[in-house]
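Next come the chains, spelled out residue by residue.
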Amino acid sequence: MANNMTDTITTPSTADSGAEPNGNTAGQSWFNRPIPGIKQQLTAQLTAVETEPSTKCSSCHAVTTNTALIFNCYVCPHCDFHLPMSARERLNWLLDQVDGELGQEFTAKDPLSFVDSKPYPQRMTEAQEKTGETEALIVMHGKLRNLDVVTCAFDFRFMGGSMGSVVGDRFVQAAEKALEDKVPLVCFAASGGARMQEGLLSLMQMARTAAAIERLKMAGIPYLVVLTNPVYGGVTASLAMIGDIHLAEPKAMIGFAGKRVIEQTVRETLEEPFQRAEFLLEHGVVDEVVHRHQLIDTIYRLLAKLSGVPNVDA
């Protein structure tokens, strides 16, 4: 009994047991054992897509930096889908030298005092602030390599690229400039149609633009149209479909009435690729579907041939 009370708890020697089960060496007590430090969580380095302004492709939903898209002509590097370009970017991309801009003196009026959910002047102001442009059509003249050309482009961001009286004024001025200088006219079409806020004045632009194009044809001056995504309504029914040559970008939607309107009228479901550029090519509506990377070379080659100008690329 006395022996049991006088017994002491001894620590096994290092030679007998080596390290303790908890990893401490012999002679170390639990309160002075080394305490593991807090591991610093490593953060992954941000990629360019996460730090630079980027755009999500509407087709494959891949995210690409805007810088990469600009260098790739706004073509998605993942799925080759052609993303929209603004009108000013289009023309600066096409022309090697810009000599001037036309039609900036024209401004839209509100002849009908039109109000839907917003007054027409308010819609115009919002579109101008959003795009930095005064109207849906931009007109420039300059050089494409050794060829003098007049060019115009619709900006779909500006009220859906709708054609009002100012768009008609600018297009007619572009045609008159081409007629005066005897140089080709190129139009990049992208529109939802006539602008309902201007009523009959908007519809009259179909006749005005068609008459201006007829004067070019009578003078033997080439008029080339590039159909981009989308082209509908009164623009399709006038200036976009009466050119000498019609090119289209891949998968561009082109038509007069929209797909849903036609389906409701004929009571039939219209499957893809109805109203796509490739479908229209098969049915003779457009002359060629051209990838954006080959578009400038194709436009120049055709215009040089039609104008009788030596092809510097040949």
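Scoring rules and cut-offs
Residues numbered from 1 in each chain as written. Predicted model: local features only at pLDDT ≥ 70, side-chain atom pairs only at ≥ 80, totals over all residues. Heavy atoms only, no water. Phe/Tyr/Trp six-rings, centres within 6.5 Å; stacked < 30°, edge-to-face > 60°. Helix = DSSP H or I, 4+ residues; strand = E, 2+ residues; numbered from the N terminus. Buried < 20%, exposed > 50% of the residue type's maximum accessible area, 1.4 Å probe, protein only. Lys NZ or Arg CZ within 6 Å of the ring centre and 35° of its normal. 1 Å grid on protein atoms, 1.4 Å probe; cavity = no way out; pocket = protein on both sides within 12 Å on 5 of 7 lines; lining within 4 Å. Points joined across faces, edges and corners; volume = space filled by probe spheres on them. Nonpolar A, V, L, I, M, F, W, Y, C, P; charged D, E, K, R; others polar. Pairing = 2+ DSSP bridges. Right-handed = clockwise from strand over helix to strand, strands pointing away. Polar contact = N/O pair within 3.5 Å; in protein donor to acceptor, adjacent residues only side chain to side chain. Salt bridge = Lys/Arg side-chain N within 4 Å of Asp/Glu carboxyl O. Contact = heavy atoms within 4.5 Å. Axes fitted to C-alpha atoms, helices over the stretch in contact; angles between N-to-C directions.

K.L.:
How should the packing of aromatic side chains be read in this particular structure?
P.N.:
Geometrically, a pair of aromatic rings is defined through the distance of the ring centres and the angle of the planes. By the definition in use, this model includes two aromatic pairs. The interplanar angle of 75 degrees and the centroid separation of 6.0 Å between the aromatic rings of F171 and Y223 together place this pair among those described as edge-to-face. With F171 in helix α7 (residues 165-181) and Y223 in strand β7 (residues 223-231), the pair connects residues that are 52 residues apart, well separated along the chain. On the basis of relative accessible area, Y223 is assigned to the buried category, the value being 0%. When the centroid spacing of 5.8 Å and the interplanar angle of 65 degrees are considered together, the rings of F274 and F279 count as edge-to-face. Residue F279 is classed as partly exposed on the basis of its relative accessible area of 24%. The aromatic ring of Y300 is capped on one face by R145, whose charged end is 5.1 Å from the ring centroid.

K.L.:
Would you mind showing me how to read empty space enclosed by the protein here?
P.N.:
Rolled over the atoms, a probe as big as a water molecule pinpoints where empty space is left. Under the definition given, this model contains one cavity of 30 Å³ or more. Together, F81, H82, N229, E249, P250, K251, A252 and R292 line the largest cavity. Within the lining of the largest cavity, the residues separate by chemical class into three nonpolar, two polar and three charged.

K.L.:
What is the right way to look at the pairing of strand β6 (residues 185-191) in this model?
P.N.:
Look at any regular strand and the pattern is simple: side chains alternate between the two faces of the sheet. With respect to burial, β6 is a largely interior element, seven of its seven residues being buried. Every second residue of β6 is oriented toward a common face, with L185, C187, A189 and S191 on one face and V186, F188 and A190 on the other, all of them buried. Here four bridges tie strand β5 (residues 147-154) to β6, and the two strands are oriented parallel to one another. Across the sheet, residue T151 finds its bridge partner in β6, namely V186. You can see the chain leave β5, run along α7 and come back into β6, and the turn it takes is right-handed. Taking the sense of rotation as the criterion, the β-α-β connection linking β6, helix α8 (residues 200-218) and β7 turns out right-handed.

K.L.:
Whenever I open this one, the environment of K109 confuses me. Can you help?
P.N.:
Of note, K109 is situated in the loop between β3 (97-102) and α6 (120-131). With 56 residues separating them along the chain, K109 and S165 place their C-alpha atoms 8.7 Å apart. Polar contacts involving the side chain of K109 include one to the main-chain carbonyl oxygen of T107, which spans 3.4 Å.

K.L.:
Sorry, what's going on with the pattern of salt bridges here?
P.N.:
Opposite charge on two side chains makes pairing possible when the charged atoms of those side chains draw close. Counted under the stated rule, the structure contains 14 salt bridges. The residue R90 makes a salt bridge to E249 at a minimum N-O spacing of 2.8 Å. Of this pair, R90 sits in helix α5 (residues 87-94) while E249 sits in the loop between β8 (245-248) and α10 (259-266), and the two are 159 residues apart along the sequence. Residues R90 and E249 agree in their burial class; the two are buried. Across the pair D297 and R145 runs a salt bridge whose closest N-O atoms are separated by 2.5 Å. Residue D297 is located in helix α12 (residues 295-307), and its partner R145 is located in the loop between β4 (137-144) and β5; the two are separated by 152 residues in the primary sequence. Classification of D297 as partly exposed rests on a relative accessible area of 38%. In this structure, a network of salt bridges that share partners links the residues R88, E101 and E133.

K.L.:
Mind showing me how you'd approach the sheet that holds β8 here?
P.N.:
To summarise the sheet geometry, strands pair through backbone hydrogen bonds and adopt either a parallel or an antiparallel arrangement. Pairing is mixed across the open sheet formed by seven strands, whose spatial order is β3-β4-β5-β6-β7-β8-β9. Every other strand in the sheet has two partners, leaving β3 and β9 (288-289) as the edge strands with one partner each. The pairing of β7 with β8 spans four bridges and is classified as parallel. The residue of β8 that forms the bridge with V225 is H246. Against the sheet, α12 contacts β4, β5, β6, β7, β8 and β9, and its axis sits at roughly 175 degrees relative to β8.

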